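# Reading the structure
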Amino acid sequence: MESIIKAARNYITIGSEHEKKGDLGEARKYYEKAYTIFGYLQGIALSEAERKNRSELARKLRAKIQYLSSTPIPEPEKEGRAAAVHQEAREVKSEVKKDEQGENGGKREKELIIVEKPNIKWGDIGGLKETKERIRDAITMPLKYPEYLERYGIKPWKGVLLFGPPGCGKTLLAKAAASECDATFFEVPVSEISSKWFGESEKNIKNLFATARESSSIIFFDEIDAISPPRDAGGGGSDASKRIVNQLLREMDGMQEDKKIIVLGATNYPEGIDGALLRPKRFDKRIFIPPPDIEARRAIFAINTKKMPLREVDFDVLAAKTAGYSGADIYGICNEVGWQLMKEELRDGKQRYASTDNFVKVISKIKPSIKEEDIERYKKWSEEYGAS
């Protein structure tokens, strides 16, 4: 089973590399392979946490594939796919080997971590005024004004957990915070590192923190629940995941006097996180990233149509019709409208302009990704563990 999961995660890595190069056809091909595997594995997960993780990965892959192509794809078959899954795992072996080794057989662990100075501004993210303020207080101010914290005897949070529905801007908010305080942003794709760093996880986590200490830095672990299932939940989590969590705990416990680093975690499934990571002086600041309200949805439509030719588009109408839609859902709606207009112009050579009607028709075909029961689940977790 581990080899199949490892193969699927490497498909994602290879697909991502093709996407960065602009080779979208190849990227889609590898994403589709991973989607097939994770869709099948949903039905044979050993625990509820694993099932939800695999279901979430499959959903994200499906959305990614749809963004790379205007042709919708079907839901994965739940049964009868074992042979295809094992075959795809075998096919990727040679590519995985090449992907894990550089020239002369050198490891490529560093390429997994995205290091950047983000240029995302708060205005690039629609709505969420109160949430932005909480994130600025927890992340930006300690890195930007450490002398003021010292003057007033304030101890900054070393670990901040962003949780909430998928597609609501957790990564963008983290990057905007890094941009405001000019911090180096280390983005760690948790869903990949346990397989790519097999056998060297402790060393690489240690090296990551050592590098981050060289300047003001934010270390961002996306989908942190993927490596930190509760250790009392029936043996959940691989040995590699446990080693990564243990080393992460050691590093966070050792950074209490370090004013240059803040560790961020993001998750759609906070219930799946090991309680050890939620103890004081670890991820003890927890911020709920809510779905966009009506004002935020209006702003998201405006931001995502800045470069689109519009004619009589009523954003208030669109915002009212998209309750329960995430920011990513709204991005997808705008993208689909653009695709349709572009294809119409290619057919007859006449420029098209988007109208309210164009958006309403697309909205009627795209269902919201956020469910009321999910919001209740987040509220219940917030009450139990405390969150702002």
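Above this text is the structure in question.
To keep things clear, this report deals only with the structure shown in the data block. (Residues numbered from 1 in each chain as written. Predicted model: local features only at pLDDT ≥ 70, side-chain atom pairs only at ≥ 80, totals over all residues. Heavy atoms only, no water.)

### Re the pairing of strand 5 (residues 261-267)
- Counting buried residues along strand 5, seven of its seven residues qualify, which places the element largely inside the surrounding structure.
- Here strand 5 shows no split at all, with Ile261, Val263, Gly265 and Thr267 on one side and Ile262, Leu264 and Ala266 on the other all buried.
- Relative to strand 5, strand 2 (residues 159-163) runs parallel, the two being bridged by five bridges. By the bridge assignment, Gly159 is partnered in strand 5 with Val263. (Buried < 20%, exposed > 50% of the residue type's maximum accessible area, 1.4 Å probe, protein only. Helix = DSSP H or I, 4+ residues; strand = E, 2+ residues; numbered from the N terminus. Pairing = 2+ DSSP bridges.)

### Thoughts on the pattern of salt bridges
- Under the defined criterion, the tally for this structure stands at 16 salt bridges.
- For the salt bridge of Arg136 with Glu180, the shortest nitrogen-to-oxygen distance reads 2.5 Å. In this pair, Arg136 sits in helix 6 (residues 129-144) while Glu180 sits in helix 8 (residues 170-180), placing the two residues 44 residues apart along the sequence.
- Taking the relative accessible area as the measure of exposure, Arg136 reaches 23% and is therefore partly exposed.
- Here the salt bridges share partners, and the residues they tie into one network are Glu133, Arg136, Lys144 and Glu180. (Salt bridge = Lys/Arg side-chain N within 4 Å of Asp/Glu carboxyl O.)

### Description of helix 16 (residues 372-385)
- If you check helix 16, its first and last C-alpha atoms are 20 Å apart, about what 14 residues at 1.5 Å a residue would give, namely 20 Å.
- Along helix 16, the residues that are buried comprise Ile375, Arg377, Tyr378, Trp381 and Ser382. Projected onto a plane normal to the axis of helix 16, the buried residues spread over an arc of 155° and lie on a single side. For helix 16, the exposed residues set more than 90 degrees away from the buried face come down to Glu372, Glu373, Lys380, Glu383 and Glu384. (Expected span 1.5 Å × (residues − 1). Arc of directions from axis to C-beta.)

### A closer look at the side chain of Lys175
- Inspection of the secondary structure puts Lys175 in helix 8.
- Contacts of Lys175, omitting those with residues within four sequence positions, involve Glu116, Pro118, Ile120, Phe185 and Glu187. (Contact = heavy atoms within 4.5 Å.)

### Details of the packing of aromatic side chains
- Counting across every chain of the model gives eight aromatic pairs.
- Ring geometry for Phe163 against Tyr378: centres 6.3 Å apart, planes inclined by 50°, an arrangement best described as tilted. Of this pair, Phe163 sits in strand 2 while Tyr378 sits in helix 16, and the two are 215 residues apart along the sequence. Side by side, Phe163 and Tyr378 carry an identical accessibility label, which is buried.
- A connected cluster of aromatic rings, assembled from ring pairs, spans Phe163, Phe288, Tyr378, Trp381 and Tyr385.
- Of note, Arg377 hangs over the ring of Tyr378, and the distance from its end group to the ring centre comes to 4.6 Å. (Phe/Tyr/Trp six-rings, centres within 6.5 Å; stacked < 30°, edge-to-face > 60°. Lys NZ or Arg CZ within 6 Å of the ring centre and 35° of its normal.)

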